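Report on the structure
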Amino acid sequence: MGQSDVVEYVNINDQPSSPRVYGTRKVSILPLIFLILYEVSGGPFGVEDSVKAAGPLLALLGFLVSPIIWSVPEALITAEMGTMFPENGGYVVWVSSALGPYWGFQQGWMKWLSGVIDNALYPVLFLDYLKSGIPALGNGLPRAFVAGLTIVGWAAVLLGIFSLLPFVVMGLVSLPKLEPSRWLVVNLGEVDWNLYLNTLFWNLNYWDSISTLAGEVDNPKKTLPKALFNALILVIFGYFFPLLVGTGAIPLDRDLWTDGYFSDIAKVLGGVWLRWWIQGAAAMSNMGMFVAEMSSDSFQLLGMAERGMLPEVFAKRSPSGVVLLSWLSFQDIVAAENFLYCFGMIMEFIAFIWLRIQYPAASCPYKIPTGTVGAIIMCIPPTILICVVLALSTLKVAALSIGAVVIGLVMQPCLKYAEKKRLMKFSTSAELPDLHGPEQESVDSLPE
């Protein structure tokens, strides 16, 4: 591997500190905010099941309280670790530095697989919005056909900034019909906790995905934390406001609250034109999320290949798995990806705390203003949430997910054997430092 004195992981002059692709244009803060928005949210499309599962009050409280329990700690850890290791690969590099390359590979495998499953949601979610106007798209061949066509939407990612606009309009036209008493409806005896928590968890995770693009960010020391903070505000507003409008302006029928229901609410409140606007926004949003997830997955594989964890052929991806998974229901896909994502997040928390313990004095461009004890305490609530989500998973989802984990455990030794026997071509970037600890890298990389 290359020597650490050529890698600017820490720069006291506040210049861009990304270790890759010198001389190329990097991602600035505004596009980075919206990339994070699409990695995490993309709008309120998919939050409807929270009302179906638990009613208006718990749905609204969930999207106010859960970000504090889950999103804020994950975003803070991403800001600290992403600026400490500003290279493509993100969380794979964090875990490799703390726990070794074997567990770094397992992290990459689980998070990549979770991302592939996540990407299968977006064609399904778009079709669930569209089928209210075109019932033929509810099932069958058209689902797979549109899933393949979604890839064509790469160029439309910038249009996704308009995905929240129709909900602002819907809020304005709903004012005469709002009844605040509807927001307080709750029946704890009829809560589907599995569906409720899985819906909250899926809609509020993936803050760490942007770390796989850290090598492309302009001055990540300042840009990444600011972008994460602003994206957090947008995500919370983008969920809470539409739920506030939908539950307050329409008489409650929990059975109707499933993915795609916002387009029906729009028709009731504003007419067919507003419904089609919502469906158009859903299309742009899902294209944006699809592209953002594909970009994150691709750069993660690139980062792993640059670290010699994967052969060059593994940097190539195929949409066929996405098309296959698009035949599953929205809820089934959410449960499967959440299960895998939980395992990955547990390793991230362990790596974060371990690096804090091992290198307490490490120079870091952005550091969460807590000591080691505070860092441990911060990780306890989201870890409890992870345990609850795992415990509530169905046997089918658990079996499939554990099977996928076992494949990763076996795959890494097989790849190392293939590398040793030169059965596959591996390469390691000379620009990247040895992962012998951030404290030493930080010292080595300071300019003399």
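Scroll up to find the structure this text is about.
Residues numbered from 1 in each chain as written. Predicted model: local features only at pLDDT ≥ 70, side-chain atom pairs only at ≥ 80, totals over all residues. Heavy atoms only, no water.

1. Considerations on the pattern of salt bridges
Filter applied, for reference: Any carboxyl oxygen of Asp or Glu that lies within 4 Å of a side-chain nitrogen of Lys or Arg is treated as forming a salt bridge with it. Runs of E in the DSSP output that reach at least two residues are strands. Runs of H or I that reach at least four are helices, and both are numbered from the N terminus. Any residue under 20% of the maximum accessible area for its type is buried, any over 50% is exposed, and the rest in between are partly exposed; the area is computed with a 1.4 Å probe on protein chains only.
On inspection of all chains with the given rule, the structure shows 4 salt bridges. Across the salt bridge formed by Glu 80 and Arg 356, the nearest N and O atoms sit 2.9 Å from each other. You can see Glu 80 sitting in helix H3 (residues 56–84) and its partner Arg 356 sitting in helix H13 (residues 330–358), a full 276 residues away along the chain. Residue class for Glu 80 comes out buried when judged on its relative accessible area of 2%. By relative accessible area, which is 4% here, Arg 356 ends up buried. In this structure, Lys 111 engages Asp 208 in a salt bridge whose closest nitrogen and oxygen atoms are separated by 2.3 Å. Taken together, the residues Lys 111 in helix H5 (residues 101–130) and Asp 208 in the loop between helix H8 (193–203) and helix H9 (220–249) connect sequence positions 97 residues apart. Each member of the pair, Lys 111 as well as Asp 208, carries the same accessibility label: buried. A single salt-bridge network, built from bridges that share partners, covers Lys 111, Asp 208 and Glu 348.

2. Re the nonpolar core
Threshold: The definition of a nonpolar core used throughout is a set of buried Ala, Val, Leu, Ile, Met, Phe, Trp, Tyr and Cys residues joined through side-chain atoms within 4.5 Å. Contacts are residue-level and defined by heavy atoms, with any inter-residue pair within 4.5 Å sufficient.
In this structure, Ile 36, Trp 70, Met 170, Trp 207 and Phe 352 are the most contacted members of the largest nonpolar core, which totals 101 residues. Sorting elements by how many residues they give to this core places H13 first, with 12 residues. Setting aside anything within four residues of it in sequence, one finds Trp 70 in contact with Phe 201, Leu 204, Asn 205, Tyr 341, Met 345, Phe 349, Pro 382, Leu 385 and Ile 386.

3. Considering a nonpolar patch on the surface
This is how it is decided: Without a salt bridge and with relative accessible area above 30%, a residue can belong to a patch; like charges are then joined within 9 Å and nonpolar side chains (Val, Leu, Ile, Met, Phe, Trp, Tyr) within 5 Å. To be clear on the numbers: accessible area is Shrake-Rupley with a 1.4 Å probe, and residue cover counts the displayed protein chains and nothing else.
Together, Val 186, Leu 188, Trp 193, Ile 357, Val 373, Ile 376, Ile 377, Ile 380, Ile 384, Val 388 and Leu 392 make up a nonpolar patch on the protein surface, roughly 950 Å² of accessible area in all. Residue contributions to the nonpolar patch peak at 6 residues, all from helix H14 (residues 372–391). Inspection of the secondary structure assignment puts Ile 357 in helix H13. Using a relative accessible area of 43% as the deciding quantity, one classes Ile 357 as partly exposed.

4. Comments concerning the side chain of Asn 205
Applicable threshold: Two N or O atoms form a polar contact when they lie within 3.5 Å of each other; inside protein one atom must be a possible hydrogen donor and the other a possible acceptor, and for residues adjacent in sequence the pair counts only when both atoms belong to side chains.
Along the chain, Asn 205 falls in the loop between H8 and H9. A distance of 3.1 Å separates the side chain of Asn 205 from the backbone oxygen of Phe 201, its partner in a polar contact.

5. Describing unusual backbone geometry
Even without being glycine, Tyr 206 reaches a positive phi, approximately 75°. Note that Tyr 206 resides in the loop between H8 and H9. By relative accessible area, which is 3% here, Tyr 206 ends up buried.

6. Details of the environment of Met 345
Secondary-structure assignment places Met 345 in helix H13. Judged by its relative accessible area of 1%, Met 345 falls in the buried class. It is 8.8 Å that separates the C-alpha atoms of Met 345 and Lys 111, two residues lying 234 residues apart in sequence. With residues up to four places along the chain from it excluded, the contact list for Met 345 reads Trp 70, Glu 74, Lys 111, Asp 208 and Ile 386.

7. Structural notes on the environment of Leu 244
Along the chain, the position of Leu 244 falls in helix H9. Taking the relative accessible area as the measure of exposure, Leu 244 reaches 22% and is therefore partly exposed. Between the alpha carbons of Leu 244 and Trp 183 there is a distance of 7.4 Å; along the sequence they are 61 residues apart.

8. A look at the packing of helix H1 (residues 29–40) against H9
Defined as follows: Lines fitted to C-alpha atoms define the axes here, with helix axes fitted over just the stretch in contact, and angles between the N-to-C directions of these axes take values from 0 to 180 degrees. Should an angle fall under 35 degrees it is called roughly parallel, over 145 degrees roughly antiparallel, and 65 to 115 degrees roughly perpendicular, with every other angle called oblique. Should the near helix be turned anticlockwise from the far one by less than a right angle, the crossing is left-handed, and should it be turned clockwise, the crossing is right-handed. Following the grouping adopted for this structure description, the nonpolar residues are Ala, Val, Leu, Ile, Met, Phe, Trp, Tyr, Cys and Pro, the charged ones are Asp, Glu, Lys and Arg, and the polar ones are all others, Gly among them.
For the pair H1 and H9, interaxial distance at closest approach is 8 Å and the crossing angle is 50°. Comparing the axis directions of H1 and H9 gives the class oblique. Here the hand of the crossing between H1 and H9 comes out right-handed. Taking contact as the criterion, the partners of Ile 29, Leu 32, Ile 33, Ile 36, Leu 37 and Val 40 in H1 are, on H9, Thr 223, Leu 224, Lys 226, Ala 227, Leu 228, Asn 230, Ala 231, Leu 234, Val 235 and Tyr 239. Looking at side-chain class alone, the contact of H1 with H9 contains 13 nonpolar, 2 polar and 1 charged residues.

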